[in-house]
Amino acid sequence: MIYSNNNFFFSKKISKHFDKQVYLKLESQNLTGSHKDRESIKLINLATKKKYKKIGCASTGNLAISLAFYARLNNLKCFVWLNKKTYLIKLLEELGAKVTLKKISLKNLYYESNNFFKENKILSANPGVYEQKLDANRIITSEILKKKNKFQCIVSSVNNGSHLLGLSKNLKQPKFYGVYSKSKLAKSINAFSLTEIKNKKKNGKLNLIKANDKEIIKGFSLLAKEGIFVDGSSSAIIGSLNKIKYKKICCVLSGSALNNLSEVQKIMLKKTS
Ligand SMILES: Cc1ncc(COP(=O)(O)O)c(C=O)c1O
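Residues numbered from 1 in each chain as written. Predicted model: local features only at pLDDT ≥ 70, side-chain atom pairs only at ≥ 80, totals over all residues. Heavy atoms only, no water.

Focus: the site of the ligand
Surrounding the ligand, one finds 15 residues, the nearest of these being Asn62, Asn159, Asn160, Gly161 and Ser254. Asn62 has a polar side-chain atom sitting 2.7 Å from an oxygen atom of the ligand. Here the ligand has 390 Å² of accessible area as a free molecule, and 94% of this is covered by the chains. Comparing atom positions with the cavity grids shows the ligand to sit within the largest pocket. Tallied by class, the residues present in the shell around the ligand amount to one nonpolar, 12 polar and two charged. (Near = heavy atom within 4 Å. Polar contact = N/O pair within 3.5 Å; in protein donor to acceptor, adjacent residues only side chain to side chain. Areas by Shrake-Rupley, 256 points an atom, 1.4 Å probe, with all protein chains shown as cover. 1 Å grid on protein atoms, 1.4 Å probe; cavity = no way out; pocket = protein on both sides within 12 Å on 5 of 7 lines; lining within 4 Å. Sits in = over half its atoms within 2 Å of the grid points. Nonpolar A, V, L, I, M, F, W, Y, C, P; charged D, E, K, R; others polar.)

This is the structure we're talking about:
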């Protein structure tokens, strides 16, 4: 089994706190700890279909881990481009990835890695290259809509935008909200590059909310009371729910605390100080 199918439930405590009906879809429970497993598997299947032997991405975290993990399981060589030295390099290499470090902006990292991938017949899992990346996220919404709860809105976090654009693909209803942050407590939504959203010229049509440190800490605490431990990006979603007027909400939580313990440690240090 690849995706957790026991990952949807009503949160009594969060609902009571906001005086809303809040449901949670825990993509953080996927095997490598994030919603990126959906994208990785779709793109690995595409690579196999197109007879590629190699797949690659530029990423700072969750996509790289997930892609490296599943690439080896599917006999593909994985190429990861990073723009910062991180503790993840060792893990990525252990998972079989070839890591390239270039200290350039994320935008240039996407650009240069895409050129390298093209020249070397490596399928690119970067934002904006294959529509399958969006389709992988659209399946999450299909699973939510199957529940027949008549949600007024779905809330997720947003960085490049593949996740939010995919969740909302071809849908007018329910409404979709994307939470971003400049806070260092939510690193995976920190760049807020909206690369994919800008490509699609859809920026104005999406509802975007900015979360601060306080909201991330609050979201983390509320989820912890339910026994759910997530990273800063997912905490930011819950901490921002008071900015949404709708009462019946489904939140898609995308990253596990275990994927980013140092970030979670910072949240907990701030919470107690
Ligand atoms: C845990 C987590 N949540 C949300 C996002 C944002 O996804 P996107 O870049 O598709 O907007 C990311 C992206 O890295 C992530 O790792």
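Here we look at the pattern of salt bridges
Working definition: two side chains of opposite charge can pair if their charged atoms are close together. Summed over the entire model, instances satisfying the criterion amount to 13 salt bridges. A salt bridge links Lys25 to Glu27, with the nearest nitrogen and oxygen atoms 3.9 Å apart. For Lys25, a relative accessible area of 3% corresponds to the buried category. For Arg38, the salt bridge is made with Glu143, and the minimal N-O distance between the two is 3.1 Å. Of this pair, Arg38 sits in helix α2 (residues 36–49) while Glu143 sits in helix α6 (residues 132–145); the two residues are 105 residues apart in sequence, bridging distant segments of the chain. Overall, Arg38 belongs to the buried group, its relative accessible area being 1%. (Salt bridge = Lys/Arg side-chain N within 4 Å of Asp/Glu carboxyl O. Buried < 20%, exposed > 50% of the residue type's maximum accessible area, 1.4 Å probe, protein only. Helix = DSSP H or I, 4+ residues; strand = E, 2+ residues; numbered from the N terminus.)

Looking at the nonpolar core
The biggest cluster of nonpolar side chains holds 33 residues, and the ones touching the most others in it are Leu24, Ile238 and Leu241. Element by element, the count of residues in this core is highest for helix α9 (residues 213–225), at five residues. If we ignore the near neighbours within four places in the chain, the residues touching Ile238 are Ile14, Phe18, Leu24, Gly219, Leu222, Leu223, Cys251 and Leu253. (Core = buried A, V, L, I, M, F, W, Y, C linked by side-chain atoms within 4.5 Å. Contact = heavy atoms within 4.5 Å.)

Notes on the sheet that holds strand β10 (residues 248–253)
Pairing is mixed across the open sheet formed by six strands, whose spatial order is β1-β2-β10-β7-β8-β9. The open sheet has two edge strands with one neighbour each: β1 (8–10) and β9 (207–211). Ignoring strand direction, the axes of neighbouring strands in this sheet form an average angle of 25°. Where strand β7 (residues 153–157) meets β10, three bridges bridge the pair, whose relative direction is parallel. Each bridged residue has a counterpart across the sheet, and for Cys153 the counterpart in β10 is Ile249. (Pairing = 2+ DSSP bridges. Axes fitted to C-alpha atoms, helices over the stretch in contact; angles between N-to-C directions.)

Some points on helix α5 (residues 106–119)
In this model α5 runs 20 Å from its N-terminal to its C-terminal C-alpha over 14 residues, within 8% of the 20 Å that 1.5 Å per residue would give. Directly after α5, the chain includes Lys121, whose backbone phi takes a positive value near 50°. (Expected span 1.5 Å × (residues − 1).)

Let's talk about unusual backbone geometry
Cis geometry is found at the peptide bond from Gln173 to Pro174, where omega equals -10°. Summarising the element assignment, Pro174 is placed in the loop between α7 (162–167) and β8 (175–181). Phi at Lys150 is positive, roughly 55°, even though this residue is not glycine. Its relative accessible area of 74% is what places Lys150 among the exposed residues.

A word on the packing of aromatic side chains
With the rule as written, the count across this model stands at 10 aromatic pairs. Note on Trp81 and Phe117: the rings are 6.3 Å apart at their centroids and 75° apart in plane angle, and the pair reads as edge-to-face. With a gap of 36 residues between them, Trp81 in strand β4 (residues 77–82) and Phe117 in helix α5 connect regions that are remote in the sequence. Here Trp81 matches Phe117 in class, with each residue buried. Here a set of aromatic residues connected by ring pairs shows up, and it is made of Phe8, Phe10, Tyr23 and Phe151. (Phe/Tyr/Trp six-rings, centres within 6.5 Å; stacked < 30°, edge-to-face > 60°.)

Section: the domain arrangement of the protein chain
Once the domains are mapped, the protein chain shows domain 1 (8–29 + 136–272) and domain 2 (36–124). Summarising the inter-unit geometry, the C-alpha centres of domain 1 and domain 2 are found 25 Å apart. On the domain 2 side, the residues contacting the 16 residues of domain 1 number seven residues. In total, about 930 Å² of surface goes out of reach between domain 1 and domain 2, with carbon and sulfur atoms giving 43% of it. When the buried area of domain 1 at its contact with domain 2 is split by residue, Ala136, Asn160 and Asn259 rank highest and sum to 41% of it. Our enumeration of links across domain 1 and domain 2 arrives at two salt bridges. Between the two partners, domain 1 and domain 2, sit five residue pairs in polar contact (both at pLDDT 80 or more). (Domains from an automatic or database assignment. Buried area = accessible area lost by both parts, 1.4 Å probe.)

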